[in-house]
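Listed here are the chains, written in short residue letters.
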Amino acid sequence: MLKLKTFTFGLILLPCTSFATVGGPQNIEVLGYESKDQKVYVLKHYQDGRGRLPQLYYYQFKNNKQPEKLIQVNSLYINPKTKTIDYDQDNRQFDKEVAKIKKRLIPLVAIPKQSIKIQVLKKTTAKEKSWYDPKVYIPKYTYTYQLTAKSLKSSVQQAVDYRQGLSISQAYRVPNQQKILAMVKYLGIPFETGYSIEDPVLLTAKK
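What counts and how
All residue numbers refer to positions counted from 1 along the written sequence of the respective chain. A pLDDT threshold of at least 70 governs which residues receive local features in this predicted model, and a stricter bar of 80 or more applies before side-chain atom pairs are shown or counted, although totals over entire chains, interfaces and linings include all residues. Think of the side-chain values as coming from all heavy atoms in the structure, minus any hydrogens and water. Runs of E in the DSSP output that reach at least two residues are strands. Runs of H or I that reach at least four are helices, and both are numbered from the N terminus. For every residue, the accessible area (1.4 Å probe, protein chains only) is compared with the maximum for its type, and the residue is labelled buried under 20%, exposed over 50%, or partly exposed between those bounds. It only takes one pair of heavy atoms within 4.5 Å for two residues to be counted as in contact. Every patch collects residues that have over 30% relative accessible area and no salt bridge, joining them within 9 Å if they carry like charges and within 5 Å if they are nonpolar side chains (Val, Leu, Ile, Met, Phe, Trp, Tyr). With residues, only the protein chains shown are counted as cover, and all accessible areas are computed by Shrake-Rupley using a 1.4 Å probe. Here a salt bridge means any side-chain nitrogen of Lys or Arg lying within 4 Å of a carboxyl oxygen belonging to Asp or Glu. The nonpolar core is taken to be a set of buried Ala, Val, Leu, Ile, Met, Phe, Trp, Tyr and Cys residues, with the residues joined through side-chain atoms within 4.5 Å. DSSP bridges decide pairing: two strands pair if at least two such bridges lie between them. Given a helix with a known number of residues, its expected span is that number minus one, times 1.5 Å. By construction, the arc corresponds to the directions joining the helix axis to the C-beta atoms. Centres within 6.5 Å are what make two rings of Phe, Tyr or Trp a pair, Trp counting through its six-membered ring; a difference in plane orientation under 30 degrees is then read as stacked, over 60 as edge-to-face, and the rest as tilted. Only lysine NZ and arginine CZ atoms are considered, and such an atom sits over a ring when it is within 6 Å of the ring centre and within 35 degrees of the ring normal.

Peer 1: I keep staring at the overall build of the protein chain and nothing clicks. Help me out?
Peer 2: Looking only at helices and strands, the protein chain has 2 helices and 12 strands in total. Reading the secondary structure of the protein chain in the N-to-C direction produces α-β-β-β-β-α-β-β-β-β-β-β-β-β. Burial statistics for the protein chain: of 207 residues in total, 42% are counted as buried. In the protein chain, of all internal contacts separated by at least 6 residues, the share reaching a separation of at least 24 is 48%.

Peer 1: Help me out: how do you make sense of a nonpolar patch on the surface in this one?
Peer 2: A cluster of nonpolar side chains, W131, Y132 and F191, forms an exposed patch at the surface whose accessible area comes to about 350 Å². Tracing the chain through its elements places W131 in the loop between β6 (117–129) and β7 (137–149). You can call W131 partly exposed: its relative accessible area is 43%.

Peer 1: Even after reading the chapter, I still don't get the pattern of salt bridges, so can you show me in this structure?
Peer 2: Close approach of charged atoms allows side chains with opposite charge to pair. Within this structure, the stated rule accounts for 6 salt bridges. Ionic pairing is found between D90 and R92, a salt bridge with its closest N-O pair at 2.9 Å. Residue D90 is classed as partly exposed on the basis of its relative accessible area of 44%. Residue classification places R92 among the exposed positions, given a relative accessible area of 60%. Between E128 and K140 there is a salt bridge whose closest N-O contact spans 3.6 Å.

Peer 1: Explain the nonpolar core to me, please; I cannot follow it from the model alone.
Peer 2: As a rule of thumb, soluble globular proteins bury nonpolar side chains together. Core analysis: the largest hydrophobic core is formed by 21 residues, its most contacted members being I116, Y145, L147, V184 and L203. When residues of this core are traced back to their parent elements, those giving at least two are β7, β10 (167–173), β11 (180–189) and β12 (195–205). Ignoring sequence-local partners within four residues, the contact set of I116 consists of I111, L147, T148, A149, I168, A171, I180, A182 and L203. One finds V42, Y46, F61 and M183 within the second-largest nonpolar core, a separate group that totals 15 residues.

Peer 1: What exactly am I supposed to notice about the pairing of strand β3 (residues 55–60) here?
Peer 2: On any regular strand, side chains alternate: one points to one face of the sheet, the next to the other face. Burial of β3 is extensive: 6 of the 6 residues sit out of reach of the surface. When strand β2 (residues 39–46) meets β3, the two strands line up antiparallel, connected through 6 bridges. Looking across to β3, one finds that K39 is bridged to Q60. In this structure, β3 lies alongside strand β4 (residues 70–72), joined through 3 bridges in antiparallel fashion.

Peer 1: Can you walk me through the pairing of β11 in this structure?
Peer 2: Counted residue by residue, β11 has 9 buried out of 10 residues, so it is predominantly covered. Between β10 and β11, which follow one another and run antiparallel, lie 6 residues, and N176 among them has a positive phi close to 60 degrees. Across 8 bridges, β11 lies against β12 in antiparallel orientation. The partner of I180 across the bridge, within β12, is L203. Connecting the antiparallel pair β11 and β12 is a turn made up of 5 residues, with E192 showing a positive phi of about 50 degrees.

Peer 1: Just checking my understanding: could you explain helix α2 (residues 92–103) for this structure?
Peer 2: Every α-helix carries 3.6 residues per turn, so stepping three or four residues along brings you back to the same face. With 12 residues, α2 should reach 16 Å at 1.5 Å per residue; the first-to-last C-alpha distance of 17 Å fits that figure. When we look at burial in α2, the residues that qualify are F94, V98 and I101. For α2, the arc enclosing every buried residue in end-on projection is 55 degrees, short of the 170-degree limit, so these residues lie on one face. Seen from the buried face of α2, the exposed residues on the opposite side, beyond 90 degrees, are R92, K96, K100 and K103. If you follow the buried residues of α2, they end up packed against β1 (26–34), β2 and β3.

Peer 1: Is there a simple way to explain the packing of aromatic side chains in this structure?
Peer 2: Centre-to-centre distance and the angle between the planes together describe a pair of aromatic rings. Tallying each qualifying case throughout the model produces 5 aromatic pairs. The interplanar angle of 40 degrees and the centroid separation of 5.2 Å between the aromatic rings of Y77 and F94 together place this pair among those described as tilted. On the criterion of sequence distance, the pair formed by Y77 in the loop between β4 and α2 and F94 in helix α2 is long-range, its members being 17 residues apart. Since its relative accessible area comes to 0%, Y77 is described here as buried. An aromatic cluster is defined as three or more aromatic residues linked by ring pairs; in this entry it consists of Y77, Y87 and F94. When the ring centre of F61 is taken as reference, the NZ or CZ atom of K179 above it lies at 4.8 Å.

Rendered as structure tokens:
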């Protein structure tokens with residue numbers, strides 16, 4: 001009787017394991033602009049099976065020689081028990097802290113995506129082993145590029161794509177700044193059916 005129960009339990013578990021999701025897209029949420037400290041905040045959401053907290057970043061413009069550098073926030077992820085960074089903890093306290101930040105922010109102004117041009121400086125094609133069969137290889141495209149918009153341009157960027165194509169998915173003008181924030185979208189995760197990644201890219205005045 002014990003053997004029968006064990007076998008039945010195994011049958012019930014198998015379908016659940018077979019359809020487990022391991023991948024998902026990575027999307028950028030633009031939170032807004034803080035005029036006092038001249039910061040633009042964005043959240044990177046990981047839409048996969050792990051369920052980790054989104055990553056908070058900001059651009060710092062005030063007294064900064066590298067305004068295009070994206071700065072990662074770590075302080076909101078400290079686990080009160082372990083005192084270490086923990087991206088898998090309960091989201092309630094994190095959401096409260098992000099809500100406090102949002103109250104200080106003003107929205108960025110959406111602009112046409114077509115106003116941003118992607119200038120590909122270099123493109124290389126290679127192959128790598130697929131996630132589903134090590135004997136099967138899939139194409140991998142590495143892009144070196146810049147974004148331009150009239151008198152503005154970004155620093156040189158890189159992206160690894162698995163579908164041969166970069167696009168602008170979001171574009172905003174920063175209030176009271178001669179700057180534009182754009183999101184570059186591409187198929188950057190080759191697992192399962194493939195998932196997109198959005199990278200935030202800041203455009204500043206051309207020097």
